[in-house]
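Below, each chain spelled out in residue letters.
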Amino acid sequence: MTPLEYDRTHIWHPYASLANPPKVRLAERGEGLELVLADGRRLIDGVSSWWCVAHGYNNPAIVEAVRRQSERLCHVMFGGFTHDCAIELAERIASFTPAGLNKVFFADSGSISVEVAVKMAIQYQHAKGRPGRCRMAALKGGYHGDTACAMALSDPDGMHVLFRGMMPRHFFLSKPDRGLDGLAEWTREFERLVDEHDGEIAGVICEPVLQAANAMNFYPAEYLAEMRRICDTHDIVLVFDEIAAGLWRTGPRWAHERAAVSPDVMCIGKALTGGHISLAATVASEKLADVISSGPVSAFMHGPTYMANPLACAAANASLDLFSRYDYGAKAERIERAFKEGLVRAMALPNVKDVRIMGAVGVIEVERLPAREDMDRVIDETGVWLRPFANFIYSMPPLVAGEKAVGRICDALVAMAALPPGPETGGDFHE
Ligand SMILES: *Cc1c(COP(=O)(O)O)cnc(C)c1O
């Protein structure tokens, strides 16, 4: 059995069947924008390994930071101990987040950071003497992760339908997909919901401005300002999940900076370590942390085994150092310009419904995805790695990608969008 045969028959890949496994490629090395495969071929990564490899693969500064830390202390339990990597990272994160958000909980993945945010919202309400407030409101079209609580906050008709039976029932607001025209009606819907269920809603969670993994939907920052206003009126905790959109992916450092508001709790992940080790953080406002701490329980009730792993923190420190040293806003703008230049021609293709671009996010929405084999052929022929889903052919490249690389990515996106539509899959997320 070759290693690839073993993989096919024994290892689950994300959203994949073991009975009919999709093609996987054997990655051997990462170098900057490129993956080098075992057979020597190179692919430019148009999705930066699910949006986390912001500074390119095996960034030397991050690799060196992890190496140095590995010689000192690879891990220590965070109960009863702390370490300088975690302290430095908490300070760096607080200097990156809006004023007042400076209480940090380290989580081992984005999904966990969302679970932590929800627990914070519920403990906040509990401490305020409102134990009945233990449900969340979320937006249709959203995505917050694959663990049970995060799934239950993601689009109820999206990729997690199968698990509906075991999930807690939260409240869902309409998907904000009508731009500013839809704002007044959406706001009324939100107000009605909190009026009717004031005693039940602990918090509201959204992906600010960019609903990524379930919808690739962009919406105006004005929605965020309305959320802030309504949450303030009802003392509801506002959570912004910046795991995908944060750290300059959409242009500014945080997607929510476009609105002059800040959340009570913020989730950060993905590009936090520049795609080197899994790490996320839930950052709470001083006010929220004070209320939780003064409550009858006082302790915040979460504590994973690998909490604040020193190697992951070292990677994140080096990643945030790069983010503060160089102008990533300009980098995202450069990618945006290259997407605008390279993707307009896709509008003329028969299978294309819409082309949208925001910062380092370029999306071609098609009527129906082409056949998997056809898309694989485009990847091999163009040397550009893309991973379309539902009816989106998109790219979120490493933020360090230059015009030439983005031009090549655009050629691959357009070539894929020009393929004939594939078999009907019912908007399948499971490839
Ligand atoms: C990816 C993602 C998550 C989940 O992060 P994991 O590290 O995969 O658990 C949560 N929220 C958003 C917005 C994401 O894009």
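Residues numbered from 1 in each chain as written. Predicted model: local features only at pLDDT ≥ 70, side-chain atom pairs only at ≥ 80, totals over all residues. Heavy atoms only, no water.

Draft legend 1. Fine view of the sheet that holds strand S13 (residues 352-358). The strand order across the open sheet formed by 3 strands is S13-S14-S16, and the pairing between neighbours is antiparallel. Of all strands in the sheet, those with a lone pairing partner are S13 and strand S16 (392-395), marking the two edges. Between one strand and the next, the sheet's axes are offset by a mean angle of 10°, whatever the strand orientation. Of the strand pairs in this sheet, strand S14 (residues 361-366) and S16 are connected by 4 bridges, and their pairing is antiparallel. Bridging from a neighbouring strand, Gly 362 pairs with Ser 395 of S16. (Pairing = 2+ DSSP bridges. Helix = DSSP H or I, 4+ residues; strand = E, 2+ residues; numbered from the N terminus. Axes fitted to C-alpha atoms, helices over the stretch in contact; angles between N-to-C directions.)

Draft legend 2. A look at the site of the ligand. Taken together, Trp 51, Ser 109, Gly 110, Ser 111, Tyr 143, His 144, Gly 145, Glu 207, Asp 241, Ile 243, Ala 244 and Lys 270 make up the full set of residues near the ligand. Between an oxygen atom of the ligand and a main-chain N or O atom of Gly 110, the distance comes to 2.8 Å. The side chain of Lys 270 places a nitrogen or oxygen atom 2.6 Å from an oxygen atom of the ligand. For the ligand, whose free accessible area comes to 380 Å², the fraction covered by protein is 83%. Its residues placed into classes, the shell around the ligand shows 4 nonpolar, 5 polar and 3 charged. (Near = heavy atom within 4 Å. Polar contact = N/O pair within 3.5 Å; in protein donor to acceptor, adjacent residues only side chain to side chain. Areas by Shrake-Rupley, 256 points an atom, 1.4 Å probe, with all protein chains shown as cover. Nonpolar A, V, L, I, M, F, W, Y, C, P; charged D, E, K, R; others polar.)

Draft legend 3. Spotlight on the packing of aromatic side chains. Under the counting rule described, the total for this entry stands at 11 aromatic pairs. Ring plane angle 55° and centroid distance 5.4 Å describe the contact between Phe 389 and Phe 392, whose orientation is recorded as tilted. A single burial state applies to Phe 389 and to Phe 392, both of which are buried. Members of the aromatic cluster, each reached through a chain of ring pairs, are Trp 51, Phe 389, Phe 392 and Tyr 394. Across from the ring centre of Phe 171, 4.0 Å away, lies the NZ or CZ of Arg 135, which sits over that ring. The residue whose ring lies beneath Arg 253 is Phe 96, and the NZ or CZ to ring-centre distance is 4.7 Å. (Phe/Tyr/Trp six-rings, centres within 6.5 Å; stacked < 30°, edge-to-face > 60°. Buried < 20%, exposed > 50% of the residue type's maximum accessible area, 1.4 Å probe, protein only. Lys NZ or Arg CZ within 6 Å of the ring centre and 35° of its normal.)

Draft legend 4. Region of interest: the nonpolar core. The biggest cluster of nonpolar side chains holds 140 residues, and the ones touching the most others in it are Ile 93, Phe 190, Leu 224, Met 227, Leu 247, Phe 323 and Ile 364. Ranked by residues supplied to this core, first place goes to helix H10 (residues 310-325) with 10 residues. Among the domains, domain 1 (3-58 + 327-417) and domain 2 (63-325) are the pair contributing at least three residues each to this core. Among all residues touching Ile 364, those that are not within four sequence positions of it are Leu 343, Ala 346, Val 352, Asp 354, Val 355, Asn 391, Phe 392, Ile 393, Leu 413, Val 414 and Ala 417. (Core = buried A, V, L, I, M, F, W, Y, C linked by side-chain atoms within 4.5 Å. Domains from an automatic or database assignment. Contact = heavy atoms within 4.5 Å.)

Draft legend 5. Representation of the domain arrangement of the protein within the structure. Domains assigned within the protein are domain 1 (3-58 + 327-417) and domain 2 (63-325). Taken together, the contact between domain 1 and domain 2 spans 27 residues of the former and 27 residues of the latter. Summed over both partners, the interface of domain 1 with domain 2 comes to about 2300 Å²; 69% of that surface belongs to carbon and sulfur atoms. The three residues of domain 1 that bury the most area against domain 2 are Trp 51, His 55 and Met 358, which together make up 30% of that side's buried surface. The tally of links between domain 1 and domain 2 comes to 7 residue pairs in polar contact (both at pLDDT 80 or more). At the level of secondary structure, the elements contributing two or more residues to the side of domain 1 that touches domain 2 comprise helix H2 (48-51), helix H11 (328-343), S13, S14 and S16. Its residues assigned to classes, the side of domain 1 that touches domain 2 shows 19 nonpolar, 6 polar and 2 charged. (Buried area = accessible area lost by both parts, 1.4 Å probe.)

Draft legend 6. How the structure looks around helix H4 (residues 84-96). Here H4 is 13 residues long and its end C-alpha atoms lie 18 Å apart, about the 18 Å a rise of 1.5 Å per residue gives. Residues of H4 that are buried include every one of Cys 85, Ala 86, Leu 89, Ile 93 and Phe 96, and no others. Angularly, the buried residues of H4 cover 90° about the axis, an arc narrow enough to put them on a single face. In H4, the exposed positions that point more than 90 degrees away from the buried face belong to Glu 91 and Ser 95. (Expected span 1.5 Å × (residues − 1). Arc of directions from axis to C-beta.)

Draft legend 7. Quick look at a nonpolar patch on the surface. On the surface, a cluster of nonpolar side chains totalling about 340 Å² of accessible area is made up of Met 1, Tyr 6 and Ile 11. Mapped onto the fold, Ile 11 is located in the loop between helix H1 (3-10) and strand S1 (27-31). Using a relative accessible area of 39% as the deciding quantity, one classes Ile 11 as partly exposed. (Patch = residues over 30% accessible without salt bridge, like charges linked within 9 Å, V, L, I, M, F, W, Y side chains within 5 Å. Salt bridge = Lys/Arg side-chain N within 4 Å of Asp/Glu carboxyl O.)

Draft legend 8. Quick peek at the side chain of Asp 374. In this fold, Asp 374 is placed in helix H12 (residues 372-382). Within polar-contact distance, the side chain of Asp 374 engages the side chain of Arg 377 at 2.8 Å. Those residues in contact with Asp 374 that sit more than four places away from it in its chain are Leu 419 and Pro 420.

Draft legend 9. Region of the structure containing the pairing of strand S5 (residues 135-139). Here S5 lies mainly inside the structure; 5 of its 5 residues are buried. Side chains Arg 135, Ala 137 and Leu 139 project from S5 onto one buried face, and the interleaved Met 136 and Ala 138 project onto a second face that is buried too.

Draft legend 10. Fine view of the state of the cysteines. Applying the stated criterion to the full structure yields 0 disulfides. Not part of a disulfide, Cys 85 finds its nearest cysteine sulfur in Cys 313, a span of 6.3 Å. Residue class for Cys 85 comes out buried when judged on its relative accessible area of 7%. Looking at the unpaired Cys 267, the closest cysteine sulfur is the one in Cys 149, lying at 10 Å. (Disulfide = S-S within 2.5 Å.)

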